[in-house]
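# Chain and residue survey
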Amino acid sequence: MKRAFAALMAVLTVAAFAAACAAPKETAPAEMPEDFQFSLIWNTYGESSFDSETGKLVKTTNATHPEDYVTELILDDDARQAAWEAIAALDLADYPAEYNPNPGVMSTPSMTLVLTVMQNGTEQEIRCEDIALNFDAESNYTSKDKKGKAFLTACQALIRLITATPEWQALPDWEFLYE
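Given the structure is predicted, the values throughout are model-derived calculations rather than measurements.

The rules behind the values
- Residues numbered from 1 in each chain as written.
- Predicted model: local features only at pLDDT ≥ 70, side-chain atom pairs only at ≥ 80, totals over all residues.
- Heavy atoms only, no water.
- Helix = DSSP H or I, 4+ residues; strand = E, 2+ residues; numbered from the N terminus.
- Contact = heavy atoms within 4.5 Å.
- Areas by Shrake-Rupley, 256 points an atom, 1.4 Å probe, with all protein chains shown as cover.
- Core = buried A, V, L, I, M, F, W, Y, C linked by side-chain atoms within 4.5 Å.
- Buried < 20%, exposed > 50% of the residue type's maximum accessible area, 1.4 Å probe, protein only.
- Phe/Tyr/Trp six-rings, centres within 6.5 Å; stacked < 30°, edge-to-face > 60°.
- Lys NZ or Arg CZ within 6 Å of the ring centre and 35° of its normal.
- Salt bridge = Lys/Arg side-chain N within 4 Å of Asp/Glu carboxyl O.
- Pairing = 2+ DSSP bridges.
- Axes fitted to C-alpha atoms, helices over the stretch in contact; angles between N-to-C directions.
- pLDDT = per-residue confidence, 0-100.
- Expected span 1.5 Å × (residues − 1).
- Polar contact = N/O pair within 3.5 Å; in protein donor to acceptor, adjacent residues only side chain to side chain.

### As for the overall build of the protein
- Check the secondary structure of the protein and you find four helices and six strands.
- Reading the helices (α) and strands (β) of the protein from amino to carboxyl end gives α-β-β-β-β-α-β-β-α-α.
- For the protein, the share of sequence-separated contacts (at least 6 apart) that also reach a separation of at least 24 residues comes to 65%.
- Here the protein has roughly 11,000 Å² of accessible surface; of this, 55% comes from carbon and sulfur atoms.

### Looking at the nonpolar core
- Within the largest apolar cluster, 34 residues are counted, with the highest numbers of intra-cluster contacts made by Phe38, Trp42, Leu113 and Phe151.
- In terms of residue count, helix 3 (residues 146–163) provides more of this core than any other element does, seven residues in total.
- If we skip the residues at most four places from it in the chain, Phe151 touches Leu90, Tyr95, Tyr99, Leu113, Leu115, Ile126 and Cys128.

### Points about the packing of aromatic side chains
- A complete count under the given rule lists eight aromatic pairs for this structure.
- Seen in terms of ring centroids, Tyr95 and Phe151 are 5.6 Å apart; in terms of plane orientation they differ by 45°. Their pairing is tilted. A residue pair is termed long-range when its members are at least 10 positions apart, and Tyr95 in the loop between helix 2 (77–88) and strand 5 (111–119) and Phe151 in helix 3 qualify at 56 residues.
- Tyr95 gets classed as buried once you look at its relative accessible area, which sits at 7%.
- Clustering of aromatic rings is evident, with ring pairs tying together Phe36, Phe38, Phe50 and Trp84.
- Above the plane of the ring of Trp174 lies Lys59, whose end atom (NZ or CZ) is 5.1 Å from the centre.

### A few points about the pattern of salt bridges
- Per the stated rule, a full pass over the model turns up two salt bridges.
- With its nearest N and O atoms 3.1 Å apart, the salt bridge here joins Arg127 to Glu125.
- Taking relative accessible area as the criterion, Arg127 reaches 23% and is therefore assigned partly exposed.
- Put simply, Arg127 and Glu129 hold a salt bridge, and the shortest N to O gap is 2.9 Å.
- Because the salt bridges share partners, they merge into one network encompassing Glu125, Arg127 and Glu129.

### What to know about the sheet that holds strand 3 (residues 56–58)
- The strand order 4-3-2-1-5-6 describes an open sheet built from six strands, whose pairing is antiparallel. Taken across any chain shown, the strands that pair with only one partner, and hence form the sheet edges, are strand 4 (70–72) and strand 6 (122–131). Taking each pair of neighbouring strands and ignoring which way they run, the sheet shows an average axis angle of 10°.
- Judged from the two bridges that link them, strand 2 (residues 48–51) and strand 3 form a sheet pairing that is antiparallel. By the bridge assignment for strand 3, Phe50 is matched with Leu57.

### Some remarks on the confidence of the model for the protein
- With 79% of its residues at a pLDDT of 70 or more, the protein shows a mean pLDDT of 82.
- Here helix 1 (residues 2–22) stands out as the least confident element of the protein, with mean pLDDT 35; strand 3 is the most confident, with 98.
- Scored below 50 in pLDDT, residues 1–28 makes four contacts in the model with residues more than four places away or belonging to other chains.

### Thoughts on helix 3
- End to end, helix 3 covers 25 Å across 18 residues, agreeing with the expected 26 Å (1.5 Å per residue, within 8%).
- For helix 3, the set of buried residues is Gly148, Phe151, Leu152, Ala154, Cys155, Gln156, Leu158, Ile159, Ile162 and Thr163.
- Structurally, the start of helix 3 carries an N-cap: the backbone nitrogen of Lys147 is 3.2 Å from a side-chain oxygen of Asp145.

This is how it looks when you write it as structure tokens:
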């Protein structure tokens, strides 16, 4: 009886392993699609935004003259590739349209991240609204789970890419800050 049970367990283990290896995985294409574009809304209450399709870059909407905080940013090929690599590291199909990388955690003020990815004739949006501002010791966004951390890492890479540009740097300093 013990031998039969052990043999059955061995067969089931091998079958499960073979099924896992054979299962098709949805992965991002190795190369950036020609139609790849993205937009990102971020910051406290989602006051900053960038749309790579239109080139519209907004530092803040919270200003006496918000129009002074808007400019055009056209990403060069290297920057588009870097953005693609940050996004391609995610399994976008694994994220719901409404997502909270830190469920049950609150902060005031809160943060908004809305990532929209256009590629291969499709568009996917992941909305993280009114989520906690969680940072680690190095000021990186953080989450307790792997999926949340991956999403926040990708968004932070995009933000760093955008805010390092001369176009962002040329915009006026913040008029209002949160304490």
